[in-house]
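Coordinates in review
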Amino acid sequence: KQEVTQIPAALSVPEGENLVLNCSFTDSAIYNLQWFRQDPGKGLTSLLLIQSSQREQTSGRLNASLDKSSGRSTLYIAASQPGDSATYLCAVNRDDKIIFGKGTRLHILP
Amino acid sequence: DTGVSQDPRHKITKRGQNVTFRCDPISEHNRLYWYRQTLGQGPEFLTYFQNEAQLEKSRLLSDRFSAERPKGSFSTLEIQRTEQGDSAMYLCASSPLGGKNIQYFGAGTRLSVL
């Protein structure tokens, strides 16, 4: 059974710092891995999607990596801003359904 | 292309009442998915459709829950005899058949059972 774990569960960092969010999954047979952002009480915003054949994806200040063999992904956020405060969810797609982690609650201190 | 649309955005109901949510997928997306997210947790898969056929249901989907997609376009999720434990965000997603298994999510329906 696929399980997705995100560490840390919560993180507070001063504005301007670079940070890394971690995600691990137990079954490497995935179609893709996706990072989402979720603001309190809101739906999901897709940030980056990495296909199983890819190693990383970048969008602006965000960079996501995927190491399928070890079952790990990281989301790197450069030069963090207060507007980055949200919950970040890692999700793996296999067998036509997405398995999510519980998320990392990120708080950027002004 | 207006994205995945869910209605209502919020629903407050009393325990024991029935509720129905609607999801309109991106047009021409064959697949439609329902997920449930409780406070502090990630979303969990409930069920999915390919066109009008319901292909898989999670064990989370008790017999009080029923989902339909009668014409292969919009879908409804009904909860009968709601319980306080049903309070959650209900998310809908759609994807085209084939492609890269990318699912596009709606904004969700937040259900509060009093």
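Structure: see above.
Nothing here was measured: the structure is a model prediction, and the numbers come from that model.

As for the interface of chain A and chain B
Each partner contributes residues to the interface: chain A has 20 residues there, and chain B has 21 residues. Summed over both sides, the interface between chain A and chain B buries roughly 1600 Å², with carbon and sulfur atoms accounting for 50% of that surface. Where chain A meets chain B, there are one salt bridge. For the interface between chain A and chain B, the tally reads four residue pairs in polar contact (both at pLDDT 80 or more).

Observations concerning the sheet that holds strand 6 (residues 56-59) of chain A
All names here are of chain A. Taken together, five strands build an open sheet; the order of strands is 1-3-8-7-6 and the sheet is antiparallel. In the strand order of this sheet, the two ends are held by strand 1 (4-7) and strand 6, each with one partner. Pairwise comparison of adjacent strand axes, ignoring direction, gives a mean angle of 15° for this sheet. Here six bridges tie strand 7 (residues 62-67) to strand 8 (residues 72-77), and the two strands are oriented antiparallel to one another.

Digging into the pattern of salt bridges
Tallied over the full model, the rule gives seven salt bridges over all chains. Notably, a salt bridge pairs D27 of chain A with R94 of chain A, separated by 2.3 Å at the nearest N-O pair. Within this pair, whereas D27 of chain A is found in the loop between strand 3 (19-25) and strand 4 (32-38), its partner R94 of chain A is found in strand 9 (residues 86-94), the two being separated by 67 residues in sequence. Of the charged contacts in the structure, one is a salt bridge between K97 of chain A and E56 of chain B, with a shortest N-O distance of 2.7 Å. Of this pair, K97 of chain A sits in strand 10 (residues 97-100) while E56 of chain B sits in strand 6 (residues 53-57), on two different chains. By relative accessible area, K97 of chain A is classed as buried at 18%. Looking at E56 of chain B, the relative accessible area reads 28%, which means it is partly exposed. Connected through salt bridges with shared partners, the residues R64, E83 and D86 of chain B form a single ionic network.

Observations concerning the sheet that holds strand 8 (residues 75-79) of chain B
All names here are of chain B. Strand order in this open sheet of four strands is 1-3-8-7, and the pairing throughout is antiparallel. The open sheet terminates on both sides in strands that have one partner only, identified here as strand 1 (5-7) and strand 7 (65-68). When strand polarity is set aside, the average angle formed by the axes of neighbouring strands in this sheet is 15°.

Reading the values: the criteria
- Along every chain, residues carry numbers that run from 1 in the direction the sequence is written.
- Labels are handed out in written order, letters beginning with A for the chains and numbers beginning with 1 for the ligands.
- Where local features are concerned, this predicted model is filtered to residues with pLDDT of at least 70; where side-chain atom pairs are given and counted, the filter is 80 or more; whole-chain, interface and lining totals use all residues.
- Excluding hydrogens and water, the side-chain values take into account all heavy atoms of the structure.
- In what follows, residue pairs with any heavy atoms lying within 4.5 Å of each other are defined as contacts.
- Reported buried area values correspond to the accessible surface (1.4 Å probe) lost by two parts on association, with both partners' losses combined.
- For this document, the term salt bridge refers to a Lys or Arg side-chain nitrogen within 4 Å of an Asp or Glu carboxyl oxygen.
- Counting of polar contacts relies on pairs of N or O atoms within 3.5 Å, with two restrictions inside protein: one atom must be capable of donating a hydrogen and the other of accepting it, and residues adjacent in sequence are counted only when both atoms are side-chain atoms.
- Pairing between strands is defined by DSSP: at least two bridges between the two strands are required.
- Numbering of helices and strands runs from the N terminus; a helix is a DSSP stretch of H or I covering at least four residues, while a strand is a stretch of E covering at least two.
- All axes are obtained by fitting lines to C-alpha atoms, using only the stretch in contact for helices, and the reported angles, taken between N-to-C directions, cover 0 to 180 degrees.
- Classification of residues uses two cut-offs on accessible area relative to the type maximum, computed with a 1.4 Å probe and protein chains only: under 20% is buried, over 50% is exposed, and between them is partly exposed.

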